[in-house]
Amino acid sequence: MTQFDQLGLSQPVLQALDLKGYSTPTPIQEQAIPPVLEGRDLLGIAQTGTGKTAAFMLPAIDRLRASDNRIPFKSCRLLVLAPTRELVQQIAVSAKDYGALAGLKVQSIVGGTSVNKDRNKLHRGTDILIATPGRLLDLIDQKAFNLGSVEVLVLDEADQMLDLGFIHALRRINELVPKERQTLFFSATMPKAIKELVSNYCRNPVQVSVTPESTTAERIDQYIFMVQKDEKQWLLDMILGGQHRVPGEFERVLIFTRTKHGADRVVKKLRQRGIESNAIHGNKSQPQRQRALDEFRRGKTSILIATDVAARGIDIPGVSHVINYELPNVPEQYVHRIGRTARAGKDGIAIAFCGEDERSYLKDIRKVTKAELERLDLPENFRAVVEGEGPTKPEPRGATRVSKKKIKPKPAGASAKKKPKGDAPAPEKPKKPKHQARKGKPNGGKRFGKPGGGRPGGKPGGSRPGGNRNRRGKGGSGSGGGGGGGQGAARRRSPRG
Ligand code: AMP
């Protein structure tokens, strides 16, 4: 097996890798690093989760070290363009880690923050700049920055930059960077518009392609609930509240909605049921997004609701479940979403809620991923719960739930009230507490995976040691115990056939 020290990287970079505990390169690193070190342009077809940040950052750092130029005034030597603020910040963290011992200065700029501060911090220039295209052009237009000294240019997640409407920005940037430079171009997909960009940006690039769609997805057990659009929130409540068991041990749950409004609504509805979560999307300020991500990363809030754009590229270890509350209308987006679990070689679970109106999206997803999503049954008492007629099963003691300690217990039955129409909040005064949902300690005041925590919806009193993920257990990993339905063991997928 190839090791990093066989790829031609410098000692400082190897030491930085050592500090991070990485010894073996991922396939994209193995393929990309040698030609980039030689100065070749690169076209990498890969998405996050494959180790592509290091695949471009490590050799690019060594290229800078080799040329040994001074930090240019109001400019940079390595420019990395990325579509979202979160991704920019994530790449900046990696750049600092990898470049620490090489003594390179790293800066990042994103929209939604003070442009004056960015102007000031870039006045003296930097070795490495990671930027969203919009903010970069703002500074260029203000004559606060120029691209005249760029030696290496990286476009990361180019397809997403196009989806976000950065095509004109990218064309402009291409005019502003020196012709003599090295370009490393990454995209998860290769539509025609991307091919065109590649031909403008790159010169005879070495092409490396990893197929994370299948390699990542293979490690993800994929399930689906067929559920009415306006009943999804009930299902989510029951799953996260521990009243309906789904495969796997909850650790961190990332929930995707299609819209910002939808994300906020899920947060609000969960809160009404005593379940704390945060949302990240484009209408949130940068500090709000950062805080939400930090809390999720630290496990302070174990549920994060996100839109595709905001979550693109985020790399948070320990995402045990991705729930597609709404299916994406672009099938590739489904692959990106579920790739947030199964990070860095780990396994993960993806659960989709498919409404009647989303069947065509599901068809497209199946076509693209070749994945058979295993169908899970709705809870036995689901209809009764939704219609406010039947009792929800009492939550077993010790069941693990996604929660935040500070939440006050809702009165018994609060979660099982009839769902209000539209956006109106769920009634919280349980005049006739028919149901016993989450009586007492609704969220247990526990996080997932702590010792003594059981599985959501597990048998009353039955608890499993924390972190003991047993979802592949024969016949037992479906949503059996807490009211209804799995269909036996989760099967490993081979989406690419
Ligand atoms: P990326 O695709 O760059 O977002 O990387 C995905 C995750 O894999 C990140 O958490 C990286 O820190 C991690 N990673 C990258 N390269 C390696 C490696 N060679 N060995 C172990 N983990 C890695």
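Residues numbered from 1 in each chain as written. Predicted model: local features only at pLDDT ≥ 70, side-chain atom pairs only at ≥ 80, totals over all residues. Heavy atoms only, no water.

Colleague: Quick question: what am I supposed to make of the sheet that holds strand β13 (residues 348-354) here?
Modeller: The strands making up a sheet associate through hydrogen bonds between their backbones, and the pairing can be parallel or antiparallel. Overall, parallel pairing links the 7 strands, which are arranged β10-β11-β9-β12-β13-β8-β14 in an open sheet. Only two strands of the sheet have a single partner each, and these edge strands are β10 (278-280) and β14 (374-376). Strand-to-strand, the axes of this sheet are offset by a mean angle of 25°, without reference to chain direction. Alignment of strand β9 (residues 252-256) against strand β12 (residues 319-324), held across 5 bridges, turns out to be parallel. By the bridge assignment for β12, Phe256 is matched with Asn324. Most of the contacts of helix α11 (residues 232-240) go to β13, to which it runs at about 150°, and overall it touches β8 (220-226), β9, β11 (303-306), β12 and β13. (Pairing = 2+ DSSP bridges. Helix = DSSP H or I, 4+ residues; strand = E, 2+ residues; numbered from the N terminus. Axes fitted to C-alpha atoms, helices over the stretch in contact; angles between N-to-C directions. Contact = heavy atoms within 4.5 Å.)

Colleague: It is not clear to me how the pattern of salt bridges should be interpreted in this structure. Could you clarify?
Modeller: Note that side chains of opposite charge can pair when their charged atoms are close. One pass over the structure, following the stated rule, counts 22 salt bridges. For the salt bridge of Asp138 with Arg135, the shortest nitrogen-to-oxygen distance reads 3.9 Å. Remark: Arg135 and Asp138 occur in helix α6 (residues 133-141); sequence separation between them is 3 residues, near one turn of the helix. Note on Asp138: relative accessible area 36%, which makes it partly exposed. The class for Arg135 is buried, based on a relative accessible area of 7%. (Salt bridge = Lys/Arg side-chain N within 4 Å of Asp/Glu carboxyl O. Buried < 20%, exposed > 50% of the residue type's maximum accessible area, 1.4 Å probe, protein only.)

Colleague: It is not clear to me how the packing of aromatic side chains should be interpreted in this structure. Could you clarify?
Modeller: A full pass over the atoms with the stated rule returns 4 aromatic pairs. For the pair Phe225 and Phe353, a centre-to-centre distance of 5.8 Å together with 85° between the ring planes defines the contact as edge-to-face. Remark: Phe353 occurs in strand β13 and Phe225 occurs in strand β8; sequence separation between them is 128 residues. For the pair Phe225 and Phe353, a shared accessibility class is recorded, and that class is buried. (Phe/Tyr/Trp six-rings, centres within 6.5 Å; stacked < 30°, edge-to-face > 60°.)

Colleague: Sorry, what's going on with the environment of Val335 here?
Modeller: With respect to the secondary-structure elements, Val335 resides in helix α15 (residues 331-338). Residue class for Val335 comes out buried when judged on its relative accessible area of 6%. For the pair formed by Val335 and Ile365, sequence separation is 30 residues and the distance between their alpha carbons is 8.4 Å.

Colleague: What is the right way to look at the pairing of β8 in this model?
Modeller: It is a general feature of regular strands that their side chains alternate between the two faces of the sheet. With respect to burial, β8 is a largely interior element, 7 of its 7 residues being buried. By the alternation rule, side chains of β8 split into Ile220, Gln222, Ile224 and Met226 and Asp221, Tyr223 and Phe225, which are all buried. With 7 bridges joining them, β8 and β13 adopt parallel strand pairing. By the bridge assignment for β13, Ile224 is matched with Ala352.

Colleague: When you look at the site of the ligand in this model, what are you seeing that I'm missing?
Modeller: Taken together, 15 residues are adjacent to the ligand, and Tyr22, Gly49, Gly51, Thr53 and Asp315 come closest. Thr24 is positioned such that a nitrogen or oxygen atom in its backbone is 2.9 Å from a nitrogen atom of the ligand. Within the side chain of Gln29, an N or O atom sits 2.8 Å from a nitrogen atom of the ligand. Contact with the protein chains removes 82% of the 490 Å² of surface that the ligand exposes when unbound. For the shell around the ligand, the two domains that each supply at least three residues are domain 1 (4-209) and domain 2 (220-386). (Near = heavy atom within 4 Å. Polar contact = N/O pair within 3.5 Å; in protein donor to acceptor, adjacent residues only side chain to side chain. Areas by Shrake-Rupley, 256 points an atom, 1.4 Å probe, with all protein chains shown as cover. Domains from an automatic or database assignment.)

Colleague: I keep staring at the sheet that holds strand β5 (residues 152-155) and nothing clicks. Help me out?
Modeller: Taken in spatial order, the 7 strands make up an open sheet running β3-β4-β2-β5-β6-β1-β7, and their pairing is parallel. Looking at strand neighbours, the two that pair on one side only are β3 (106-109) and β7 (206-209), the edges of this open sheet. Across the sheet, the mean angle separating the axes of adjacent strands is 15° when strand polarity is ignored. By the bridge criterion, 4 bridges tie β5 to strand β6 (residues 182-187) in an arrangement that is parallel. When the sheet's bridge partners are listed, Leu153 is paired in β6 with Thr183. Here helix α4 (residues 85-99) sits on the sheet and contacts β2 (76-81), β3 and β4 (126-131); the angle it forms with β3, its principal contact strand, is near 180°.

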